[in-house]
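One-letter residues, chain by chain:
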Protein chains: 2
Amino acid sequence: MNNNYIIAIGREYGSGGYEIGKKLSEKLGIGFYDKNLIDVAAEKSGIHIEMLNKADEKPANPLVNPFLHPGYENGTVNDRLFWTQSEVIRDLADKESCVIMGRCADFVLREHENVLTIFIQAPLKNRVERIAEKYLIEIPAEAKKEVLRNDKIRRSYYQFYTDGKWGGRERKDLIINSSVLGIDGTVDFIKEFVEKRFNLK
Amino acid sequence: MNNNYIIAIGREYGSGGYEIGKKLSEKLGIGFYDKNLIDVAAEKSGIHIEMLNKADEKPANPLVNPFLHPGYENGTVNDRLFWTQSEVIRDLADKESCVIMGRCADFVLREHENVLTIFIQAPLKNRVERIAEKYLIEIPAEAKKEVLRNDKIRRSYYQFYTDGKWGGRERKDLIINSSVLGIDGTVDFIKEFVEKRFNLK
């Protein structure tokens, strides 16, 4: 039996979700995969980044079963990247316990047993403040624009590939407002959830 | 300074949310208000149930500021019940710490500082099983119908009075799938959240 467990985390921009996911993985002593590390994983799996980058000039990737993705040959580079990434995520889930940030991992792993799906949010006001401080944006309206723009990108990506609602509670085990307990408090609280769910203590 | 805290809990039908709220209030040693107890509270506050029941035969309730509710005189019995209930909820929130089930309390108390807003959900399959077992419904399709019908009533009620989405994450500090840790596990986990938020330990 496979005892790996996966924490799939989605988050609103500026909610501190990335930092929370990173710290959570460190405290749990498990892998952490965000966009770049999934690219690394893809490379490890023998899928070359250059191949992905030139995907639209290449024939169908033999590592991906075209029967699972009808129209694969016709997919855009983004589509192929998403499908390949999904294969890598499923592969990872079979091999090791880890935290996966974004990449629709909750959807990709919906048939996987040992997955906890989490979404981290915070009030817009708090997120704008966080982003303004982090990127030294002096004009609040600019910071707000940046927050909303990034939410839009994530929403659009998620909804395009999953036909589900970004941050929708349907596929989530836990949705939490990170401003209630703060970053570290939220890390510890989610850690508790994970440990209880997978009997780690 | 007022140190009362309020836990406003919404829940999907069959998620065990009611039982979780009840046990949570017992473990925290605070009041528990669901529909009936809010009626009692209304009575305590000098608002007579009979008055509510006959609301459409009466002039505007002097306890409710008509300027806050334009058109109060024209409200249906349900509207008046909702407005009066909202006053009672705000009054309660000023007087004591408690758990309030449903009644759009997250919306009613949106300007209140010491409120945690929680929504409890579970996969439809689990909820149907729970309701079938609880009410001895032998035909699964019947139990499913009952679950969906009750969700619909709650959704419609919430959305009518708040213009927000029922179970929408916008107004929630925590949304949790009760099937992950089970009823008692979820009670303890939420208790942890409350204690950390309000420094009760």
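It should be emphasised that the depicted structure is a prediction, and the values quoted were computed from it without experimental measurement. (Residues numbered from 1 in each chain as written. Chains lettered and ligands numbered in written order. Predicted model: local features only at pLDDT ≥ 70, side-chain atom pairs only at ≥ 80, totals over all residues. Heavy atoms only, no water.)

1. Things to note about the overall build of chain A
Scanning chain A from terminus to terminus reveals eight helices and five strands. Taken from the N to the C terminus, the helices and strands of chain A come in the order β-α-β-α-α-α-β-α-β-α-α-β-α. Counting across all 201 residues of chain A, residues that qualify as buried make up 52%. Sequence separation of at least 24 residues holds for 68% of the intrachain contacts in chain A that already meet a minimum separation of 6. Split by element, the accessible area of chain A, about 10300 Å² in all, is 51% carbon and sulfur. (Helix = DSSP H or I, 4+ residues; strand = E, 2+ residues; numbered from the N terminus. Buried < 20%, exposed > 50% of the residue type's maximum accessible area, 1.4 Å probe, protein only. Contact = heavy atoms within 4.5 Å. Areas by Shrake-Rupley, 256 points an atom, 1.4 Å probe, with all protein chains shown as cover.)

2. A word on helix 7 (residues 140-162) of chain B
Here helix 7 of chain B spans 33 Å end to end across 23 residues, near enough to the 33 Å set by a 1.5 Å rise per residue. At the exit of helix 7 of chain B stands Asp163(B), carrying a positive phi of roughly 60 degrees. (Expected span 1.5 Å × (residues − 1).)

3. A closer look at the environment of Arg110(A)
Residue and element names in this part refer to chain A. Take Arg110: it is sitting in the loop between helix 5 (105-108) and strand 4 (115-121). You can call Arg110 partly exposed: its relative accessible area is 47%. Separated by 32 residues in the primary sequence, Arg110 and Asn78 place their C-alpha atoms 21 Å from one another. Separated by 2.7 Å, the side chain of Arg110 and the backbone oxygen of Phe107 make a polar contact. (Polar contact = N/O pair within 3.5 Å; in protein donor to acceptor, adjacent residues only side chain to side chain.)

4. A word on the packing of helix 8 (residues 178-197) of chain A against helix 8 (residues 178-197) of chain B
Orientation of helix 8 of chain A relative to helix 8 of chain B, taken along the N-to-C sense of each, is 160 degrees, at an axis distance of 11 Å. In terms of their interaxial angle, helix 8 of chain A and helix 8 of chain B are classed as roughly antiparallel. By crossing handedness, the relation of helix 8 of chain A to helix 8 of chain B is classed as right-handed. Counted together, Val180(A), Leu181(A), Asp188(A), Phe189(A), Glu192(A), Phe193(A), Lys196(A) and Arg197(A) of helix 8 of chain A and Val180(B), Leu181(B), Asp188(B), Phe189(B), Glu192(B), Phe193(B), Lys196(B) and Arg197(B) of helix 8 of chain B form the full contact between these two elements. Residues that form the contact of helix 8 of chain A with helix 8 of chain B fall into these classes: eight nonpolar, no polar and eight charged. (Axes fitted to C-alpha atoms, helices over the stretch in contact; angles between N-to-C directions. Parallel < 35°, antiparallel > 145°, perpendicular 65-115°, else oblique. Left-handed = near helix turned anticlockwise from the far one by under 90°. Nonpolar A, V, L, I, M, F, W, Y, C, P; charged D, E, K, R; others polar.)

5. Some remarks on the environment of Lys22(B)
By secondary structure assignment, the location of Lys22(B) is in helix 1 (residues 17-28). Along the chain, Lys22(B) and Met101(B) lie 79 residues apart, while their C-alpha atoms are 8.9 Å from each other.

6. Examining helix 8 of chain A
Given a rise of 1.5 Å per residue, 20 residues ought to cover 28 Å, yet the end C-alpha atoms of helix 8 of chain A are separated by just 20 Å, more than 12% below that figure. Residue Asn199(A) follows helix 8 of chain A closely and has a positive phi angle near 50 degrees.

7. Structural notes on the side chain of Ser97(A)
Residue and element names in this part refer to chain A. Position of Ser97 among the secondary structure elements: in the loop between helix 4 (77-95) and strand 3 (98-101). Judged by its relative accessible area of 15%, Ser97 falls in the buried class. A polar contact of 3.0 Å, which involves the side chain of Ser97, links it to the backbone nitrogen of Tyr5. If we skip the residues at most four places from it in the chain, Ser97 touches Asn3, Asn4, Tyr5, Ile30 and Gly31.

8. Side note on the pairing of strand 4 (residues 115-121) of chain B
Residue and element names in this part refer to chain B. The buried fraction of strand 4 amounts to seven of the seven residues, a majority that puts the element mostly inside the structure. Burial of the side chains of strand 4 extends over both faces: Val115, Thr117, Phe119 and Gln121 are buried on one face and Leu116, Ile118 and Ile120 on the other. Both strand 1 (residues 6-11) and strand 4 contribute to a ladder of six bridges, which runs parallel. Its bridge partner lying in strand 4, Gly10 is registered against Phe119. (Pairing = 2+ DSSP bridges.)

9. Here we look at the pattern of salt bridges
As a working rule, side chains carrying opposite charge can pair if their charged atoms are close by. One pass over the structure, following the stated rule, counts 28 salt bridges over all chains. Here the salt bridges do not stand alone but share partners, grouping Glu12(A), Arg127(A), Asp151(A) and Arg169(B) into one network. (Salt bridge = Lys/Arg side-chain N within 4 Å of Asp/Glu carboxyl O.)

10. Digging into the interface of chain B and chain A
Taken residue by residue, the interface counts 23 residues in chain B and 23 residues in chain A. Each partner contributes to the roughly 2000 Å² buried at the junction of chain B and chain A, and carbon and sulfur atoms together form 55% of this total. Area buried by chain B at its contact with chain A is led by Arg169(B), Val180(B) and Phe189(B), which between them contribute 33% of it. Our count for the chain B to chain A interface comes out at two salt bridges. (Buried area = accessible area lost by both parts, 1.4 Å probe.)

11. Observations concerning the state of the cysteines
All names here are of chain A. Summed over all chains, the structure comprises zero disulfides over all chains. This cysteine, Cys98, is not joined by any disulfide, and Cys104 carries the nearest cysteine sulfur, 16 Å off. The class of Cys98 is buried, set by a relative accessible area of 0%. (Disulfide = S-S within 2.5 Å.)

12. A short note on the relation of the copies chain B and chain A
Each copy superposes on the other: chain B lies on chain A with an RMSD of 0.0 Å after a rotation of 180 degrees and an axial shift of 0.0 Å. Viewed as a symmetry operation, the transformation between the two copies matches a two-fold axis. In terms of C-alpha distance to the rotation axis, chain B has Ile175(B) as its closest residue, with the C-alpha 2.4 Å off the axis. (Least-squares fit on C-alpha atoms with pLDDT ≥ 70 in both.)

13. Regarding the confidence of the model for chain A
All names here are of chain A. Chain-level pLDDT for chain A is 84 on average; 79% of the residues reach the 70-or-more range. By mean pLDDT, helix 3 (residues 49-53) is the weakest element of chain A at 58, and strand 5 (residues 174-177) is the strongest at 98. Interface confidence for the predicted complex, given as ipTM, is 0.85, next to a pTM of 0.85. (pLDDT = per-residue confidence, 0-100.)

14. Describing the nonpolar core
Counting residues in each nonpolar core, the largest one holds 48 residues, and the members touching the most others are Ile7(A), Ile190(A), Ile7(B) and Ile190(B). Residues within four places of Ile7(B) in sequence aside, it is in contact with Leu24(B), Ile30(B), Cys98(B), Val99(B), Ile100(B), Leu116(B), Ile118(B), Val194(B) and Phe198(B). Counting residues in each nonpolar core, the second largest holds 42 residues, with Cys98(A), Ile100(A), Ala105(A) and Phe107(B) among its members. (Core = buried A, V, L, I, M, F, W, Y, C linked by side-chain atoms within 4.5 Å.)

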